[in-house]
Amino acid sequence: MQARHTKVLIIGSGPAGYTAAIYAARAMLKPVLIAGMEQGGQLMITTDVENYPGYAEPVQGPWMMEQMLKQAVHVGAEIVNDLVTNVDLSRRPFTLQTDSGTVWTAETLIIATGAKAKWLGIESEQHFQGFGVSACATCDGFFYRNRDVIVVGGGNSAVEEALYLSNIARSVTVVHRRDSFRAEKILQERLFAKENVKILWNTEVAEITGTPAKPPMPPSVSGARLRDVRTGTVTDTPIDGVFVAIGHAPATELFKDQLRLKSNGYLWTAPDSTATDIAGVFAAGDVTDDTFRQAITAAGMGCMAALEAERYLAGVGTVAIAAE
């Protein structure tokens, strides 16, 4: 079993994690980033990225994450392809174990493990993911100008996505398997007032249909097979895009019994800060951001976390490593 120590340990390899690594490395803190199982985060399943500043033309999500990785390495961050399996924040330095058997001790910890969109779990959804199926209207709605889309869900997320898309798409059909929304009343009223929005109650998406990939052409969505949950009747509906808005699940399993969580399961941070309720532990990106969930806001929080870790280390000095 190998033991290693670092001043700044970052968990997660999305925009928040890589940005934290870049800033910490430029501060000469020699950060270590443990990438996890899904290096690059949710942008790895995103095709055209058009809303991240700095690119005149749309770029591919995986390419952008590759560039962030290379930038972090270039300025001196160490990237470790491993998975954190256990965390002990009850003593200092903090102790973490990884799948490879390495035991890490860290003076500061930046948690950037992200959040995953919840999906419907049907096979066709996976086939068209990123090519007509999305979980982020703010990210991908622009590509559906004057087109017909479906939003799946009945909570705040679904209604907010539908409202956003109603200003872009030609028509928005909200598909909800119950007979009423769980969303806030004011959001419902705004949605019901939209002339280009239709609600299908007691309905679920049974299958997403379209054209399969034919290299060099990617797959594309052309319709959805909708099922009435009461009668079982199936209807084919022409559609250009499907937005799944049934919630997100933040990756907080390692920290649930050690760090304060918000009521919805996201990591709590102090106002205008990335500091958690344990000094020296910071959270950035979608693991704490339950409002915006954008690559640019995640990157900004990664910057904040690195700067706050640097200031924390400057204030408390070096934490002595416990004797083996």
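Now for a description of the structure that goes with this document. Everything numeric in this text was worked out from a predicted model, so none of it was measured.

1. Things to note about the overall build of the protein chain
Stage number 1. Scanning the protein chain from N- to C-terminus turns up seven helices and 19 strands.
Stage number 2. Here the protein chain has a C-alpha radius of gyration of 22 Å; the compact-globule value for 324 residues is 20 Å, and the two agree.
Stage number 3. Its C-alpha atoms put the protein chain at 65 × 45 × 35 Å along the principal axes.
Stage number 4. Sequence separation of 24 or more characterises 61% of the internal contacts of the protein chain that already satisfy a separation of 6 or more.
Stage number 5. As displayed, the protein chain offers around 15900 Å² of accessible surface, 51% of which is attributable to carbon and sulfur atoms.
Stage number 6. Counting 28 positive and 35 negative side-chain charges, the protein chain places the averaged centre of each group 2 Å from the other.

2. Details of the sheet that holds strand E14 (residues 203-211)
Working definition: the strands of a sheet are paired by backbone hydrogen bonds and lie parallel or antiparallel to each other.
Stage number 1. In space, the three strands of this open sheet follow the order E14-E15-E16, with antiparallel pairing throughout. In this open sheet, the two strands that pair with only one neighbour each are E14 and strand E16 (234-238). Pairwise comparison of adjacent strand axes, ignoring direction, gives a mean angle of 25 degrees for this sheet.
Stage number 2. Pairing of strand E15 (residues 220-228) with E16 involves five bridges; the strand directions are antiparallel. Looking at E16, one finds that Gly223 is bridged to Pro238.

3. Things to note about the pattern of salt bridges
When the charged atoms of two side chains with opposite charge come close together, those side chains can pair.
Stage number 1. Under the criterion given, the structure shown has twelve salt bridges.
Stage number 2. In this structure, a network of salt bridges that share partners links the residues Arg177, Glu204 and Arg227.

4. Focus on the environment of Tyr312
Stage number 1. Note that Tyr312 resides in helix H7 (residues 295-316).
Stage number 2. Considered as a pair, Tyr312 and Leu43 are 269 residues apart in the sequence and their alpha carbons are 30 Å apart.
Stage number 3. Each residue touching Tyr312, except ones within four places of it in the same chain, is listed here: Arg92, Glu107, Thr108, Ala279, Gly280 and Phe282.
Stage number 4. A polar atom in the side chain of Tyr312 sits 3.1 Å from the side chain of Arg92.

5. Re the packing of aromatic side chains
Stage number 1. Per the stated rule, a full pass over the model turns up seven aromatic pairs.
Stage number 2. Measuring from ring centre to ring centre gives 5.4 Å for Tyr144 and Phe243, while their planes differ by 75 degrees; the resulting arrangement is edge-to-face. Here Tyr144 is found in the loop between helix H4 (137-140) and strand E11 (148-152), whereas its partner Phe243 is found in strand E17 (residues 241-244), with 99 residues between them in sequence. Both residues of the pair, Tyr144 and Phe243, count as buried.
Stage number 3. If you follow Arg145 out to its NZ or CZ, it ends over the ring of Phe142, 4.0 Å from the centre.

What counts and what doesn't
- Residues numbered from 1 in each chain as written.
- Predicted model: local features only at pLDDT ≥ 70, side-chain atom pairs only at ≥ 80, totals over all residues.
- Heavy atoms only, no water.
- Helix = DSSP H or I, 4+ residues; strand = E, 2+ residues; numbered from the N terminus.
- Rg over C-alpha atoms; globule rule 2.2 N^0.38 Å.
- Contact = heavy atoms within 4.5 Å.
- Areas by Shrake-Rupley, 256 points an atom, 1.4 Å probe, with all protein chains shown as cover.
- Lys, Arg positive; Asp, Glu negative; His and termini not counted.
- Charge placed at Lys NZ, Arg CZ, Asp CG, Glu CD.
- Pairing = 2+ DSSP bridges.
- Axes fitted to C-alpha atoms, helices over the stretch in contact; angles between N-to-C directions.
- Salt bridge = Lys/Arg side-chain N within 4 Å of Asp/Glu carboxyl O.
- Polar contact = N/O pair within 3.5 Å; in protein donor to acceptor, adjacent residues only side chain to side chain.
- Phe/Tyr/Trp six-rings, centres within 6.5 Å; stacked < 30°, edge-to-face > 60°.
- Buried < 20%, exposed > 50% of the residue type's maximum accessible area, 1.4 Å probe, protein only.
- Lys NZ or Arg CZ within 6 Å of the ring centre and 35° of its normal.

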